[in-house]
Amino acid sequence: NANNMQSLIIGTLFYLNNSCYWYVGNNSVAKGFDFSATSWYQEYLASGGKRLLIGPIREDFKPVNTARYDCVYYIARYGSVSPKTPLPFILFTIRLDSLLKPVDSYIQDGRRAIVTDQNGAIIHEVGFVDNAEAQELLSQIKMDSQTAGSVVSRFVDEDYICSYFL
């Protein structure tokens, strides 16, 4: 549904280099913004142009006095490149709250959920007394990946622990 995509994706950026890019979305790119200096672009380069999920991150390429959302960047390579040019990419800026909304609506009747970033830090939890309780359970899951209801899966070349609680 196009309306659902519009509420999920804030913007799309097509990048060839710092002086040649196109952005379609909320607001604009800050004048003179250096994409190649960002940690997420360096991570993208280090991956050799593999698809990556970056975040959660506050939109960093928007002008200072505009709305900046907490989001996830989905970055993928496009086009051909020569060794002397930066790796081109397409970047989708996805609203973090839109990604988490289904977790909140699905979790009910005493069920719990933990959403982590790529480093294992908790970015969202539902149904726990406090963050410390969620952190303790996450630590147990990481120690014993065979725990009932837990699986380790791969998505976009990253390992993620996916768990459910009855």
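Relevant structure appears above.
Rules used throughout
Residues numbered from 1 in each chain as written. Predicted model: local features only at pLDDT ≥ 70, side-chain atom pairs only at ≥ 80, totals over all residues. Heavy atoms only, no water. Helix = DSSP H or I, 4+ residues; strand = E, 2+ residues; numbered from the N terminus. Buried < 20%, exposed > 50% of the residue type's maximum accessible area, 1.4 Å probe, protein only. Contact = heavy atoms within 4.5 Å. Areas by Shrake-Rupley, 256 points an atom, 1.4 Å probe, with all protein chains shown as cover. Core = buried A, V, L, I, M, F, W, Y, C linked by side-chain atoms within 4.5 Å. Phe/Tyr/Trp six-rings, centres within 6.5 Å; stacked < 30°, edge-to-face > 60°. Pairing = 2+ DSSP bridges. Axes fitted to C-alpha atoms, helices over the stretch in contact; angles between N-to-C directions. Salt bridge = Lys/Arg side-chain N within 4 Å of Asp/Glu carboxyl O.

**Regarding the overall build of the protein**
Check the secondary structure of the protein and you find four helices and nine strands. Secondary structure elements of the protein occur, N-terminal to C-terminal, as α-β-β-α-β-β-β-α-β-β-α-β-β. Counting over 166 residues, the protein shows a buried share of 33%. Summarising the internal contacts of the protein: among those between residues at least 6 apart in sequence, 42% fall at separations of at least 24. Of the accessible surface of the protein, which amounts to about 10,000 Å², a share of 53% is contributed by carbon and sulfur atoms.

**Observations regarding the nonpolar core**
Counting 21 residues, the largest nonpolar core has Phe 35, Trp 40 and Phe 89 as its most contacted members. Elements supplying a minimum of two residues to this core: strand E1 (9–17), helix H2 (39–46), strand E3 (52–58), strand E4 (70–77) and strand E5 (89–95). Phe 35 has contacts with Leu 13, Tyr 15, Asn 18, Tyr 21, Val 29, Trp 40, Tyr 41, Phe 61 and Phe 89, leaving out every residue within four places of it along the chain. Counting residues in hydrophobic clusters, the runner-up holds six residues, among them Ile 114, Ile 122, Phe 128 and Leu 137.

**Digging into the packing of aromatic side chains**
A full pass over the atoms with the stated rule returns 16 aromatic pairs. Joined through ring pairs, the aromatic side chains of Tyr 15, Tyr 21, Tyr 23, Phe 33, Phe 35, Trp 40, Tyr 41, Tyr 44, Phe 61, Tyr 73 and Phe 89 make up one cluster.

**Focus on the sheet that holds E1**
A sheet is described by the order of its strands in space; here five strands give the open sequence E2-E1-E5-E4-E3, paired in antiparallel fashion. Each edge of the sheet is formed by a strand with only one pairing partner; in this case those strands are strand E2 (20–25) and E3. Ignoring strand direction, the axes of neighbouring strands in this sheet form an average angle of 20 degrees. Across five bridges, the pairing between E3 and E4 is antiparallel.

**What to know about the pattern of salt bridges**
One pass over the full model with this rule turns up three salt bridges. Across the pair Asp 70 and Arg 58 runs a salt bridge, and its minimum N-O distance is 2.8 Å. Of this pair, Asp 70 sits in strand E4 while Arg 58 is found in strand E3, placing the two residues 12 residues apart along the sequence. Put simply, Asp 97 and Arg 95 hold a salt bridge, and the shortest N to O gap is 2.8 Å. Given the relative accessible area of 22%, Arg 95 is considered partly exposed.

Distances and angles like these do not, on their own, reveal function.
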